[in-house]
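Observations on the model geometry
The primary structure of each chain is shown beneath.
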Amino acid sequence: MHTVTKPRIGGPGGAVAAWAATRAALLVFVFQVVRFPGQVVVHDVEDIYRGWYPVLRTGAFPAHDVAWQYPPGAAVPLLAPGGLPFLGYASAFFVLALLADAVVLGALLRDARHSGRMAGVWVWIGGTTLLGPIVYARYDVMVTAVAVPALLALRRRPALAGALAGFGGLLKLWPLLVLIGAPTSRTLRRSWAAAAATVAVLLGLSAALMRNSMSFLAFQQHRGTEVESLGAMVFHVARHLGWHGRVEMHYGSMEFLGPHVHLVSAAALGLSVLGVCWLAWWRLRARRFTAATPYDAAFTALLVFTTTSRVISPQYMVWLVGAGAVCAAARGTVLRLPLLLTLAAALFTTLEFPPFFSHVTAGDAWGLLLLGTRNALLVTASVMSCRRLWAATVPARTPGPTRPEPAEPDPRSTVLTP
C-alpha cells in the first residue's frame, strides 16, 4: 500500500502551492475578472506598451514619445508578447510576466535546495503578493528574473553574473548594481568585465538593427519630481503652506510642476550621486566579506538607488523584493530588519497606488499619511542598511603598521577578503 506524502507547509511543496494560489489571484486582477480597487493598473500594458509594439516591430524606438525613457534592451520584453500570437498583446504580456515570476521562484528554490534555507522563497512570494497586480502590469518582474540569477551566480560564476547583469542593465539600469558586492578583487574584475562586454555588444547590435536606440536619454534627463518620490514630500507639505504649484502628467508620470521643482529634482540627483560615492567608498574600505556580503551589498545599493530617485514608482519595489529575497536566503545576513521594513513599505506602496492614489495626488491628510509612511520606511531601511553593511565589513581603525593584503581566498570558505 502506497502512502501519499503531503507537501510540508514550510517546504518547497508548500511554497509552490502558496505561489500558485497567490499568482492565481494576481492574474484574476490583471485580467480584470475582479477589479482591483482604485485606478486601473493595466493601463501601461494595454495602451502604452501596446502602442509602442508596432513602432518597435518596424526597427525603430518610439523617439517622439516622451514616455519612452528605457534603455534599448527594453525592446525585448515589449516585443516578446508577439511570440504568443494566439493571445492578445496584454494577455500575452501577463502570461510572460507570470513566467518571469516563475523563473525567480525557481532560482530561489534551487538556491534553497543547496542552502537548506527557504526564507528567500517566502520573501519573494510574500513580498510580491503585498505589491499586488502591479507586479504583472509592468515589465520590472522580467528584469528581476534576470537580476536575481545574476546575484545568485556572483560568488561562484562571476562571468555569468556579469553577463546577466549587463543584459539586465540594458533592460533597466539597476541590475548592474548587484555586482557591487563581488567578494574578491578577481571576482569584481571578472564580473564587471563581462558586464561591460555584454553592454557594449548589445548596444552595438541595437544601434545596428534599430533606429533611435539612445533616444531615451533625451527624455530621461527632463524628468522632474514624481508625486510619489521622497523629494515630492516637500511640495506635498508646501501646498498646505501656500506654495502655488500643480500635479500633472509630465514625461510619463504624475509630477509636480511649479516654482522650485527643478531645485528639488537637482537635490534628488545630488543625493543619488552621493549614494553612489558612498557605495564606491564602502567598496574600497570593505575588508571582511562573508557569504552574505554580496547579497547585503546589492540590497543596500538598490535601497539607496530607489530611495533617492526622483521617481519611486510602485513597480520599483519589485526590485527590492527580489534582491531582498536573495538576501534573506543567505546565512549571516545583517539586513533582516531593513528587509522587514522594506516589506512593510511594499504594503504601503500598494495602499497608496492604486487604491488611494487620488488622495496622494491631492496631497490630503490620508494621502500624506500613506506616502509619508512608505517613504519614511524606505529612508529608515536605507540608512540602517548602510550602517549595518559598513559595520559588518569595514574594520575599525587601529594604530599600528598596515598589514599586507592577503592572498586570494578559497571561494568555498565562509569569510572572504577582497
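Residues numbered from 1 in each chain as written. Predicted model: local features only at pLDDT ≥ 70, side-chain atom pairs only at ≥ 80, totals over all residues. Heavy atoms only, no water.

Turning to the overall build of the protein, a few remarks are in order. Of the regular secondary structure elements, the protein holds 16 helices and five strands. Its C-alpha atoms give the protein a radius of gyration of 22 Å, within 12% of the compact-globule value 22 Å for 418 residues. Across the 418 residues that make up the protein, the buried fraction comes to 52%. Counting only contacts in the protein whose residues sit at least 6 apart along the sequence, the fraction spanning at least 24 positions is 76%. Surface summary for the protein: the accessible area is close to 18700 Å², and the carbon and sulfur share equals 67%. Each charge class in the protein can be summarised by its mean position, and for the 34 positive and 17 negative side chains these summaries are 12 Å apart. (Helix = DSSP H or I, 4+ residues; strand = E, 2+ residues; numbered from the N terminus. Rg over C-alpha atoms; globule rule 2.2 N^0.38 Å. Buried < 20%, exposed > 50% of the residue type's maximum accessible area, 1.4 Å probe, protein only. Contact = heavy atoms within 4.5 Å. Areas by Shrake-Rupley, 256 points an atom, 1.4 Å probe, with all protein chains shown as cover. Lys, Arg positive; Asp, Glu negative; His and termini not counted. Charge placed at Lys NZ, Arg CZ, Asp CG, Glu CD.)

A word on helix H13 (residues 316-329). With 14 residues, H13 ought to run about 20 Å at 1.5 Å a step, and its terminal C-alpha atoms sit 21 Å apart, in line with that. Most of H13 is tucked away: 14 of the 14 residues are buried. (Expected span 1.5 Å × (residues − 1).)

Their axes nearest at 11 Å, the elements helix H1 (residues 12-30) and helix H4 (residues 89-115) cross at an angle of 160°. With respect to H4, the axis of H1 lies roughly antiparallel. Where H1 crosses over H4, the two elements pack in a sense that is right-handed. Seen from H1, the contacting residues are Pro12, Val16, Trp19, Arg23, Leu27 and Val30; seen from H4, they are Phe94, Leu98, Asp101, Ala102, Leu105 and Leu109. Classifying every residue of the contact of H1 with H4 gives 10 nonpolar, no polar and two charged. (Axes fitted to C-alpha atoms, helices over the stretch in contact; angles between N-to-C directions. Parallel < 35°, antiparallel > 145°, perpendicular 65-115°, else oblique. Left-handed = near helix turned anticlockwise from the far one by under 90°. Nonpolar A, V, L, I, M, F, W, Y, C, P; charged D, E, K, R; others polar.)

With that out of the way, let us pick up helix H14 (residues 336-352). With 17 residues, H14 ought to run about 24 Å at 1.5 Å a step, and its terminal C-alpha atoms sit 25 Å apart, in line with that. Residues of H14 that are buried include every one of Pro338, Leu339, Leu341, Thr342, Leu343, Ala345, Ala346, Thr349, Thr350 and Glu352, and no others. Looking at the buried residues of H14, the elements they touch are helix H5 (119-131), helix H12 (293-307), H13, helix H15 (357-362) and helix H16 (365-393).

Per-residue pLDDT for the protein averages 91, and the proportion of residues at 70 or more is 92%. In the predicted structure, residues 1-5 sits below a pLDDT of 50 and forms zero contacts with residues beyond four places in sequence or in another chain. With pLDDT under 50 throughout, residues 402-418 is counted as low confidence; its partners more than four residues away or in other chains account for 34 contacts. (pLDDT = per-residue confidence, 0-100.)

At the junction of Phe353 and Pro354, the peptide bond is cis and its omega measures out at 10° in the coordinates. Structurally, Pro354 is set in the loop between H14 and H15. Its identity is not glycine, yet Asn212 carries a phi of approximately 65°, on the positive side.

This part is about the packing of aromatic side chains. The tally for this structure, following the rule as stated, stands at 22 aromatic pairs. For the pair Phe61 and Trp68, a centre-to-centre distance of 5.5 Å together with 35° between the ring planes defines the contact as tilted. Residue classification places Phe61 among the buried residues on the basis of a relative accessible area of 2%. Judged by relative accessible area, Trp68 falls into the buried class, the value being 0%. Ring centres 5.0 Å apart and planes at 90° place the aromatic pair Phe353 and Phe357 in the edge-to-face group. Each member of the pair, Phe353 as well as Phe357, carries the same accessibility label: buried. (Phe/Tyr/Trp six-rings, centres within 6.5 Å; stacked < 30°, edge-to-face > 60°.)

Turning to the environment of Val34, a few remarks are in order. Inspection of the secondary structure puts Val34 in the loop between H1 and helix H2 (43-57). With residues up to four places along the chain from it excluded, the contact list for Val34 reads Val28 and Phe29.

Moving on: the sheet that holds strand S3 (residues 253-257). Strand order in the open sheet formed by three strands is S1-S3-S2, with antiparallel pairing between adjacent strands. Taken across any chain shown, the strands that pair with only one partner, and hence form the sheet edges, are strand S1 (225-226) and strand S2 (246-250). Pairing analysis gives five bridges linking S2 to S3, with the strands arranged antiparallel. Within S3, the position partnered with Arg246 by the bridge is Leu257. (Pairing = 2+ DSSP bridges.)

Right, let's get into the pattern of salt bridges. The tally for this structure, following the rule as stated, stands at five salt bridges. Here Asp44 ties to Arg138 by a salt bridge, and the two come within 3.3 Å at their closest N and O atoms. On the criterion of sequence distance, the pair formed by Asp44 in helix H2 and Arg138 in the loop between H5 and helix H6 (140-153) is long-range, its members being 94 residues apart. Summarising the burial analysis for this pair, Asp44 and Arg138 share the class buried. (Salt bridge = Lys/Arg side-chain N within 4 Å of Asp/Glu carboxyl O.)

Attention now goes to the pairing of S3. Here S3 lies mainly inside the structure; four of its five residues are buried. One ladder, built from two bridges, connects S1 with S3; its direction is antiparallel. In the strand pairing of S3, Thr225 is matched with Phe256.

In this structure, Val121 and Tyr139 are the most contacted members of the largest nonpolar core, which totals 110 residues. It is H4 that provides the largest number of residues to this core, a total of 14 residues. Sequence-distant contacts of Val121, that is, excluding residues within four places in its chain, are made with Ala15, Leu105, Leu108, Leu109 and Ala112. Counting residues in hydrophobic clusters, the runner-up holds nine residues, among them Leu279, Phe289, Ala297 and Val394. (Core = buried A, V, L, I, M, F, W, Y, C linked by side-chain atoms within 4.5 Å.)

Our focus in this paragraph is a nonpolar patch on the surface. A cluster of nonpolar side chains, Val28, Phe31, Val33 and Val34, forms an exposed patch at the surface whose accessible area comes to about 320 Å². We classify Val34 as partly exposed; its relative accessible area is 41%. (Patch = residues over 30% accessible without salt bridge, like charges linked within 9 Å, V, L, I, M, F, W, Y side chains within 5 Å.)

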